[in-house]
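Single-letter residue listing:
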Amino acid sequence: MLVHIVAEDQNRISELRALFGSQDRITSALLNDESSVPKECDAMIVAVDLRNADNIAALKEVSAAFKNTPRKIFVIDQKVRLFAAQAYALGATHVLFHPVYQPSLLAALNGAGKSNVVSEDDDQGGARRAASEGAVSLASMFSAVSSGQQVDAAAAKHAAGRISDMIAEDGFSHWLETVRRHHEGTYQHCLLVTGTAAAFGLNLGLAKADLERVYSAAMFHDVGKAKIPLAILDKPGRLDDRERAVIETHPAAGYDALKGTRGISSEILDAVRHHHEYLDGSGYPDALCAAGISDIVRILTISDIFSALIEDRRYKAPTSRAEAYEILCGMRGKLEGPLVVAFKEVALNR
Ligand SMILES: [Fe+2]
Ligand SMILES: [Fe+2]
């Protein structure tokens, strides 16, 4: 495999080179050094600070030169992870966070675009584009919430609608594979929940307006995580009691951030605040019981739990779809039984 690395300094280039074996051919260049850019390569890795406007301008030119490269992996710093939207806008097919571990890098290199650049009307390209647009929308939504600005609700709903259309056309399994291969962390989770909720809504035969409510609620549901420190949000393994208490503030934080935003209905606000409530009253933040939990929330909660289980995270092997469905079936009293039964087809076959 021929891989070209673009970075701002030699140290970063050396670090990335060290992740490859002798079977790969690696070229590298400092940003702004066009003299050593290869004509063609299988993958490009960009490790550049996206907060700097000059870097963005330079990268636009680099991206144009590499427009036929199947895999464009952007490595961005944890501290500026909200710049993932910028990376996708510059043509990234994958975004990884520094420090990069070899398995994540190899998965990104080998997982996608195995042969050629995907053409406009290719199914795989359609799912990838819908996933990338969804990730851009999520990244700008998280960025807005963390900096106290209003989210662009219309853009997020539009992106969620594309996801739903994609699933109606190509099926849910294809969506799961595409998202798990290309996206990480919270964005992967939100894209999976949106797709799962859309697939569930489609299977239930919901009317168009209700389907829109369900997938939009899913798109926004975890936006309050923008307020949670990354050290807790991305902590591998179990959380302690204090960390869990911090995580459990995210539904109310999301509700507060979206309240009063144009395009956010009371149903979406309700879903954002209550997607961790259970019918038996054991959920949070308001310990609602069955009568207080709407149909949209019941659908969203099932979609959320299933998606969290089947996520592909660096530190845990994903649970299979069948096992995840078994776990849902075991949550008697918490989730609506008939809905769990109706979800079987989505979980196992769709
Ligand atoms: Fe959540
Ligand atoms: Fe969630």
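Residues numbered from 1 in each chain as written. Chains lettered and ligands numbered in written order. Predicted model: local features only at pLDDT ≥ 70, side-chain atom pairs only at ≥ 80, totals over all residues. Heavy atoms only, no water.

A look at the overall build of the protein chain
Item 1. Assigned secondary structure in the protein chain consists of 16 helices and five strands.
Item 2. Over its C-alpha trace the protein chain gives a radius of gyration of 21 Å, about what one expects of a compact globule, namely 20 Å for 350 residues.
Item 3. With respect to the three principal axes, the spread of C-alpha positions in the protein chain is 65 × 40 × 35 Å.
Item 4. Taking all 350 residues of the protein chain together, 52% fall into the buried category. (Helix = DSSP H or I, 4+ residues; strand = E, 2+ residues; numbered from the N terminus. Rg over C-alpha atoms; globule rule 2.2 N^0.38 Å. Buried < 20%, exposed > 50% of the residue type's maximum accessible area, 1.4 Å probe, protein only.)

Some words on the side chain of Thr178
Item 1. Turning to its location among the elements, Thr178 is positioned in helix 7 (residues 172-182).
Item 2. Only 2.8 Å separates the side chain of Thr178 from the backbone oxygen of His174, close enough to count as a polar contact.
Item 3. Setting aside anything within four residues of it in sequence, one finds Thr178 in contact with Ala127 and Arg128. (Polar contact = N/O pair within 3.5 Å; in protein donor to acceptor, adjacent residues only side chain to side chain. Contact = heavy atoms within 4.5 Å.)

Here we look at the coordination of the iron ion (ligand 1)
Item 1. Those donors, Asp222 (OD), His250 (NE2), His275 (NE2) and His276 (NE2), are the protein atoms that reach the iron ion (ligand 1), and they lie 2.1 to 2.2 Å from it.
Item 2. Mapped onto the sequence, the donors of the iron ion (ligand 1) take the spacing D-x27-H-x24-H-H.
Item 3. Between the iron ion (ligand 1) and the iron ion (ligand 2) the interatomic distance comes to 3.4 Å, and Asp222 is a ligand of both metals. Residue Asp222 is located in the loop between helix 9 (208-220) and helix 10 (230-233), and its partner His276 is located in the loop between helix 13 (266-274) and helix 14 (295-310); the two are separated by 54 residues in the primary sequence. Across the pair, His276 and Asp222 agree in class, each one buried. (Donors = N, O, S within 2.8 Å, 3.2 Å for Na, K, Ca; no water.)

Here we look at the packing of aromatic side chains
Item 1. Following the criterion strictly, the structure yields four aromatic pairs and no others.
Item 2. Taking the centre distance of 4.8 Å and the plane angle of 65 degrees together, the rings of Phe200 and Phe343 count as edge-to-face. Taken as a pair, Phe200 in helix 8 (residues 185-203) and Phe343 in helix 16 (residues 337-348) lie far apart in primary sequence, 143 residues in all.
Item 3. Residue class for Phe343 comes out buried when judged on its relative accessible area of 0%.
Item 4. Judged by centre distance (5.0 Å) and plane angle (80 degrees), the rings of Phe306 and Phe343 are edge-to-face. On the criterion of sequence distance, the pair formed by Phe306 in helix 14 and Phe343 in helix 16 is long-range, its members being 37 residues apart. (Phe/Tyr/Trp six-rings, centres within 6.5 Å; stacked < 30°, edge-to-face > 60°.)

A short note on the nonpolar core
Item 1. With 92 residues, the main nonpolar core has Leu59, Trp175, Phe220, Leu328 and Phe343 as its most contacted residues.
Item 2. In terms of residues, this core owes the most to one element, helix 5 (residues 123-146), which gives 10 residues.
Item 3. In terms of domain composition, this core takes at least three residues from each of domain 1 (2-111) and domain 2 (123-348).
Item 4. In contact with Phe343, not counting residues within four places along its chain, are Thr196, Phe200, Ile302, Phe306, Tyr325 and Leu328. (Core = buried A, V, L, I, M, F, W, Y, C linked by side-chain atoms within 4.5 Å. Domains from an automatic or database assignment.)

With respect to helix 6 (residues 153-170)
Item 1. Given a rise of 1.5 Å per residue, 18 residues ought to cover 26 Å, and the 26 Å separating the end C-alpha atoms of helix 6 matches this to within 8%.
Item 2. Listed in full, the buried residues belonging to helix 6 are Ala153, Ala156, Ala159, Ala160, Gly161, Ile163, Ser164, Met166 and Ile167.
Item 3. Downstream of helix 6 by a residue or two, Gly171 has a phi angle that is positive, lying close to 90 degrees. (Expected span 1.5 Å × (residues − 1).)

Looking at the coordination of the iron ion (ligand 2)
Item 1. Within the first shell, the iron ion (ligand 2) binds the protein through His189 (NE2), His221 (NE2), Asp222 (OD) and Asp304 (OD), at distances of 2.2 Å.
Item 2. All donors of the iron ion (ligand 2) come from a single chain, and their spacing in sequence reads H-x31-H-D-x81-D.

Concerning the domain arrangement of the protein chain
Item 1. In terms of domain boundaries, the protein chain breaks down into domain 1 (2-111) and domain 2 (123-348).
Item 2. Here domain 1 and domain 2 have C-alpha centroids that lie 30 Å from each other.
Item 3. The interface is formed by 17 residues belonging to domain 1 together with 17 residues belonging to domain 2.
Item 4. Together domain 1 and domain 2 conceal approximately 1,400 Å² of surface at their shared face, both sides included; 54% is due to carbon and sulfur atoms.
Item 5. Seen at the junction of domain 1 and domain 2, the total is zero salt bridges.
Item 6. Across the domain 1-domain 2 interface, the total number found is zero residue pairs in polar contact (both at pLDDT 80 or more).
Item 7. Here the residues of the side of domain 1 that touches domain 2 sort into 11 nonpolar, five polar and one charged. (Buried area = accessible area lost by both parts, 1.4 Å probe. Salt bridge = Lys/Arg side-chain N within 4 Å of Asp/Glu carboxyl O. Nonpolar A, V, L, I, M, F, W, Y, C, P; charged D, E, K, R; others polar.)

Quick look at the pairing of strand 1 (residues 2-7)
Item 1. Within strand 1, six of the six residues are buried, which leaves it mostly tucked inside the rest of the structure.
Item 2. A two-sided burial pattern is seen for strand 1, the buried positions comprising Leu2, His4 and Val6 on one face and Val3, Ile5 and Ala7 on the other.
Item 3. In the sheet, strand 1 pairs with strand 2 (residues 25-30) via six bridges, with the strands oriented parallel. Following the sheet pairing, Ile5 is matched in strand 2 by Ser28.
Item 4. Read as a crossover between parallel neighbours, the route from strand 1 over helix 1 (residues 10-17) to strand 2 is right-handed.
Item 5. Summarising the sheet, strand 1 and strand 3 (residues 43-47) pair through five bridges and their orientation is parallel. Note that in strand 3 the partner of Ile5 across the bridge is Ile45. (Pairing = 2+ DSSP bridges. Right-handed = clockwise from strand over helix to strand, strands pointing away.)

With respect to the confidence of the model for the protein chain
Item 1. Taken residue by residue, the protein chain gives an average pLDDT of 88. The fraction at 70 or more is 93%.
Item 2. Note that pLDDT drops below 50 for residues 112-123; the model gives that stretch 20 contacts with residues more than four away or on any other chain. (pLDDT = per-residue confidence, 0-100.)

With respect to unusual backbone geometry
Item 1. Backbone torsion omega between Tyr284 and Pro285 reads 5 degrees, so that peptide bond is classified as cis.
Item 2. Relative to the elements of secondary structure, Pro285 occurs in the loop between helix 13 and helix 14.
Item 3. In this structure, Asn32 takes a positive phi of about 80 degrees despite not being glycine.
Item 4. Here Asn32 falls in the exposed class, since its relative accessible area comes to 59%.
Item 5. Positioned with a positive phi, Ala287 is a non-glycine residue whose angle comes to about 45 degrees.
Item 6. Secondary-structure assignment places Ala287 in the loop between helix 13 and helix 14.
Item 7. Residue class for Ala287 comes out partly exposed when judged on its relative accessible area of 42%.

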